[in-house]
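Understanding the architecture of this molecule
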Amino acid sequence: MAALLRGLRAGRALRGLCSVVAAPPAANPQGSSLRRSFHCAALRLQDESKSDKPPSSSSTTYHEHYQAHSAEQDAAAASQDDSTSDPAAEEASRPNTSYQDQSGEQGEEYETEEQLQARILIAALEFVPLHGWSMEAIAAGAETLGLSSASTGMFYNGAGDLVLHFISQCNSQLTEILAEQHKQVQLGQAEQKRTADFLRDAVETRLRMHIPYIESWPQAMSILLLPHNIPNSLKHLSSLVDDIWFYAGDRSTDMNWYTKRAALTGIYNTTELVMVQDSSPDFQDTWNFLDNRIQDVVNMSTTAKQVQSTGEAVVQGLVGAAVTLKNLTGLNQKR
Amino acid sequence: MAASMRLLFRRVIRLSHRNINVTAAGVSRGSGCCWGPSTCRCFSDAAGDSSTHFGFETVPETEKAKRVYKVFENVAQKYDVMNDAMSLGIHRVWKDMLLHVMHPQPGVQLLDVAGGTGDIAFRFLEYVRSQQERQKRRASRSMQTPSWQDISNNYSTEDVVESQESRAVVCDINKEMLKVGKQKADSLGVSAGLSWVVGDAEELPFDDDQFDIYTIAFGIRNVTHIDQALQEALRVLKPGGRFMCLEFSKVTNPVLARLYDAYSFQMIPVLGEVIAGDWKSYQYLVESIRKFPDQEEFKGMIEDAGFYCVQYYNLTGGVVALHSGFKL
């Protein structure tokens, strides 16, 4: 089935290629077989950034295909400042479009579909303070990219998609920051922090990413608690906590692995809840609360050790007292 | 009890087989159905144009459009009544599901092709209006104490809202169906944002990139060249626009399929004769459903036309399928 589709697309692309080669590139838009405008957004930027690249379509070198492909990746990544479409650039980019179809890689197109969805969601984040975490925000985001608001139908989970996308974006940002810090320590340019301080800084950095959306964050939290979203939100939370502990240097392989992550999950969730209703300047109350909670955990672990050693000492003392009593009463003598 | 049920089933199935055999035999004999001159034409069809199916019959492609036009001209007056009778009112649920999946945002433009009596367009306008009211209510709740700045802003934005009103265009090849639709609109008192256009789905009288949503409900199986209709849909949609198609499709469950076949070939033409006085048109309807490609095949056709993220939902066990694709 996939092969059939690929063949059909390749066939149509060949026909498109022929008609494009026949007509001058600056002509008005031709038949519908060239309407792969879905690639246009990415390729528009590519043409704007690489204005020296000739819009000729007749050469079918593999090298040019690679250029187009890598340029499209760059363009998709740097799509935040997408400007309004330029018909001439659009027309010139069409030859490349039919080119990529000629390579017939279905995998490429699916990758770009997800990238397009990611771009819509990133654009939608701007409208969250106005519309909340909802389909209206996604529709407004799609409109800024030049797409009709009907394209929000692509997001079957609606607002859940938006929130989950935001969460995973924040998590990957945090991971990058932690990796950067780790590299600094490896290179000797920074000092290794104590575990408690490291945890505190990591959680604070992560929670600060919510600050622009803090007004509507309760709505986002409630969306994450919907039954069909719980598996995904739990997955993101657990990977976040795991990353933080990994970069804190935890390599334990016993029960500690679970207790550490459970403790950090508890700290993170409670701090998030405090932050949502915090009204102090720069959320100072929240960071104090975080400090106290981490201190509690640290205290609890030292207390646990102390209790254990005290217990052992007490048992030894009792055994010693029993032996002394036996000696005193003469039960220990062997006659 | 079980034995009698089995007897009943067997009798029903025997009847349906006989009926299908009769219609098949009728077609092959070429005389029973009184389609008259057109069947003779199809035998001597050496003029070089390709043929297509009209129900279980084979006709030249140029003929099909005319025949379909006549069918709908005949049924236009009783179309809605027959829909209710044949589907036992479930067609309303199907159309509501279409709107629910569509979830249109306020301000979108809808094109309803083969929209005929305007069912989808009316539902669309109602949906969008209720959405707008909900938004206004939400906005007013959050603005209980507006500042002077907010009030002055409201004065300036009131005109902008007018231009973003949602619009529904109903396009149909058949003037009779559009007439019935206009009468319905007048009786419902709905006229704002609604237009009625005569047009062929294979050659729409609209410019490129005009509409946000293109729907075709129970109409695409009557089109002679389905791929051309899909190409036209792609053309008139804006980038990011959505194509939605509601159509009868293949029932997956074998038991349900048997019942459905029996019901279709036994009951529906009879209902057509009793209520609308037209057996043949409803025979055509049932046969054209069988000739239409199934869910996966139609999904492939939509993808070939150039739509992305194509998906289909089966309604009522596959009796009706809702296909959706995006122009990206």
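Up top you'll find the structure we're talking about.
We now turn to the structure provided with this report. (Residues numbered from 1 in each chain as written. Chains lettered and ligands numbered in written order. Predicted model: local features only at pLDDT ≥ 70, side-chain atom pairs only at ≥ 80, totals over all residues. Heavy atoms only, no water.)

**Comments concerning the overall build of chain B**
As a reminder, the rule being used: In this text, helices come from DSSP runs of H or I with a minimum length of four residues, and strands from runs of E with a minimum of two, each type numbered from the N-terminal end. Exposure is judged per residue with a 1.4 Å probe applied to protein chains only, and the accessible area is read against the type maximum: over 50% gives exposed, under 20% gives buried, and values in between give partly exposed. The contact definition used throughout considers only heavy atoms, calling two residues in contact when any of these lie within 4.5 Å. The Shrake-Rupley method, run with a 1.4 Å probe, gives the accessible areas here. Residue values count only the displayed protein chains as cover.
Assigned secondary structure in chain B consists of 12 helices and nine strands. Looking at chain B as a whole, 47% of its 328 residues qualify as buried. If you take every contact in chain B between residues at least 6 apart in sequence, the share linking residues at least 24 apart comes to 74%. For chain B, the accessible area works out to roughly 16200 Å², and carbon and sulfur atoms hold 56% of it.

**Digging into the packing of aromatic side chains**
We apply this condition: Only the six-membered ring of Trp is used, alongside the rings of Phe and Tyr, when aromatic pairs are assigned; centres must lie within 6.5 Å, and planes under 30 degrees apart are stacked while those over 60 apart are edge-to-face, with the rest tilted.
As enumerated under the stated definition, the model contains 18 aromatic pairs over all chains in all. With a centroid separation of 4.3 Å and an interplanar angle of 15 degrees, the aromatic rings of phenylalanine 54 of chain B and tyrosine 284 of chain B are classed as stacked. Of this pair, phenylalanine 54 of chain B sits in strand 1 (residues 51-54) while tyrosine 284 of chain B sits in helix 11 (residues 279-291), placing them 230 residues apart in sequence. The buried category is assigned to tyrosine 284 of chain B, whose relative accessible area is 3%. Ring centres 5.5 Å apart and planes at 25 degrees place the aromatic pair tyrosine 214 of chain B and phenylalanine 243 of chain B in the stacked group. In this pair, tyrosine 214 of chain B sits in strand 6 (residues 211-217) while phenylalanine 243 of chain B sits in strand 7 (residues 237-248), placing the two residues 29 residues apart along the sequence. Grouping residues by exposure puts tyrosine 214 of chain B and phenylalanine 243 of chain B together as buried. One aromatic cluster in this structure is built from Trp133, Phe166, Tyr213 and Trp217 of chain A.

**Observations concerning the packing of helix 9 (residues 195-208) of chain A against helix 12 (residues 255-276) of chain A**
All names here are of chain A. The line we're drawing: As a rule, the C-alpha atoms of each element are fitted with a line to give its axis, helices using only the stretch in contact, and angles between N-to-C directions run from 0 to 180 degrees. In these notes the angle categories are as follows: under 35 degrees is roughly parallel, over 145 is roughly antiparallel, 65 to 115 is roughly perpendicular, and the rest is oblique. Less than a right angle of anticlockwise turn of the near helix away from the far helix marks a crossing as left-handed, whereas a clockwise turn marks it as right-handed.
Between helix 9 and helix 12, whose axes approach to 11 Å, the crossing angle comes to 45 degrees. Between helix 9 and helix 12, the crossing angle belongs to the class labelled oblique. Like other packed secondary-structure pairs, helix 9 and helix 12 cross with a definite hand, here right-handed. Residues Leu199, Val203, Arg206 and Leu207 of helix 9 pack against Leu264, Tyr268, Thr271, Glu272 and Met275 of helix 12.

**Here we look at helix 9 (residues 226-236) of chain B**
Residues and elements named next belong to chain B. Among the 11 residues of helix 9, eight are classified as buried, and the element is accordingly described as predominantly covered. Those residues of helix 9 that fall on the buried side of the exposure criterion are Ile226, Ala229, Leu230, Glu232, Ala233, Leu234, Arg235 and Val236. Elements in contact with the buried residues of helix 9: strand 3 (109-113), strand 6, strand 7 and helix 12 (295-305).

**Quick notes on the nonpolar core**
Put simply, the rule reads: Residues belong to a common nonpolar core when they are buried Ala, Val, Leu, Ile, Met, Phe, Trp, Tyr or Cys residues joined through side-chain atoms within 4.5 Å.
Ile120, Trp133, Ile138, Leu162, Trp217 and Ile244 of chain A are the most contacted members of the largest nonpolar core, which has 58 residues in total. Discounting chain neighbours no more than four positions away, the residues touching tryptophan 217 of chain A are Trp133, Phe166, Ile167, His210, Glu272 and Val276 of chain A. The next biggest cluster of nonpolar side chains, apart from the first, holds 32 residues, and it includes Ala150 of chain A together with Phe122, Val170 and Tyr260 of chain B.

**A look at the environment of glycine 219 of chain B**
Residues and elements named next belong to chain B. Here glycine 219 shows up in the loop between strand 6 and helix 9. Look at glycine 219 and you get buried, because its relative accessible area is 7%. C-alpha of glycine 219 to C-alpha of leucine 246: the two residues are 27 residues apart in sequence and 8.3 Å apart in space. Here glycine 219 is in contact with Ala114 and Glu247, once residues within four sequence places are set aside.

**Remarks on the sheet that holds strand 7 of chain B**
Residue and element names in this part refer to chain B. Threshold: Any two strands with at least two DSSP-identified bridges between them are counted as paired.
In spatial order, the strands read 5-4-3-6-7-9-8; together these seven strands make up an open sheet with mixed pairing. In the strand order of this sheet, the two ends are held by strand 5 (194-198) and strand 8 (308-315), each with one partner. Across the sheet, the mean angle from the axis of one strand to that of its neighbour is 15 degrees, orientation sign disregarded. Alignment of strand 7 against strand 9 (residues 320-326), held across seven bridges, turns out to be antiparallel. The partner of methionine 244 across the bridge, within strand 9, is serine 324. Sitting on the sheet, helix 8 (residues 175-188) is in contact with strand 4 (167-172) and strand 5, with an inclination near 165 degrees to strand 5. Along the sheet, helix 9 contacts strand 3, strand 6 and strand 7; its crossing angle with strand 7, the most-contacted strand, is approximately 145 degrees.

**Re the side chain of lysine 184 of chain B**
Residues and elements named next belong to chain B. This is how it is decided: For this analysis, a polar contact is any N or O atom pair within 3.5 Å, provided that within protein one partner can donate a hydrogen and the other can accept it, and provided that sequence-adjacent residues contribute only side-chain to side-chain pairs.
Here lysine 184 shows up in helix 8. Separated by 3.3 Å, the side chains of lysine 184 and aspartate 80 make a polar contact. Side-chain polar atoms of lysine 184 contact the backbone oxygen of threonine 117, separated by 3.4 Å. Not counting chain neighbours up to four residues away, the residues in contact with lysine 184 comprise Asp80, Thr117, Asp119 and Phe122.

**Topic: the side chain of glutamate 202 of chain B**
Residues and elements named next belong to chain B. Note the cut-off: Counted charges follow a simple rule, with Lys and Arg positive, Asp and Glu negative, and His plus the chain ends left uncounted. Salt bridges, as used here, are contacts in which a Lys or Arg side-chain nitrogen is within 4 Å of a carboxyl oxygen on Asp or Glu.
Examined against the element boundaries, glutamate 202 turns out to sit in the loop between strand 5 and strand 6. Buried and unpaired, glutamate 202 has lysine 64 as its nearest opposite-charge partner, separated by 8.3 Å. Reaching out from glutamate 202, the side chain makes a polar contact with the backbone nitrogen of threonine 224 at a distance of 3.3 Å. A polar contact is formed between the side chain of glutamate 202 and the backbone nitrogen of histidine 225, at a distance of 2.9 Å. Every residue in contact with glutamate 202, bar those within four places of it in the chain, is listed here: Val223, Thr224, His225, Gln228, Ala229 and Glu232.

**Observations concerning the packing of helix 10 (residues 254-276) of chain B against helix 11 of chain B**
Packed helix pairs are characterised by how far apart their axes lie and by the angle those axes make with each other. All names here are of chain B. Our working rule: Ten residue types, Ala, Val, Leu, Ile, Met, Phe, Trp, Tyr, Cys and Pro, are classed as nonpolar, four, Asp, Glu, Lys and Arg, as charged, and the remainder, Gly among them, as polar.
In the contact formed by helix 10 and helix 11, the axes pass within 7 Å of each other and the chain directions differ by 155 degrees. Classed by the angle they form, the pair helix 10 and helix 11 counts as roughly antiparallel. The two elements helix 10 and helix 11 cross, and the hand of that crossing is right-handed. Each of Tyr260, Asp261, Ser264, Phe265, Ile268, Pro269, Val270, Gly272, Glu273 and Ala276 in helix 10 lies in contact with helix 11, whose residues at this interface are Trp279, Tyr282, Gln283, Leu285, Val286, Glu287, Ile289 and Arg290. Tallied by class, the residues present in the contact of helix 10 with helix 11 amount to 11 nonpolar, three polar and four charged.

**Overview of a nonpolar patch on the surface**
Cut-off, in case you're wondering: What makes a patch is a set of residues exposed beyond 30% relative accessible area and free of salt bridges, joined within 9 Å when like-charged and within 5 Å when nonpolar (Val, Leu, Ile, Met, Phe, Trp, Tyr).
On the surface, Leu88, Ile90, Val93 and Met97 of chain B cluster together into a nonpolar patch covering about 350 Å² of accessible area. Positionally, isoleucine 90 of chain B belongs in helix 5 (residues 90-102).

**Quick look at the pairing of strand 8 of chain B**
All names here are of chain B. Both strand 8 and strand 9 contribute to a ladder of six bridges, which runs antiparallel. Across the sheet, residue leucine 315 finds its bridge partner in strand 9, namely valine 320. Between strand 8 and strand 9, which pair antiparallel one after the other, the connecting turn spans four residues, and threonine 316 there sits at a positive phi close to 50 degrees.

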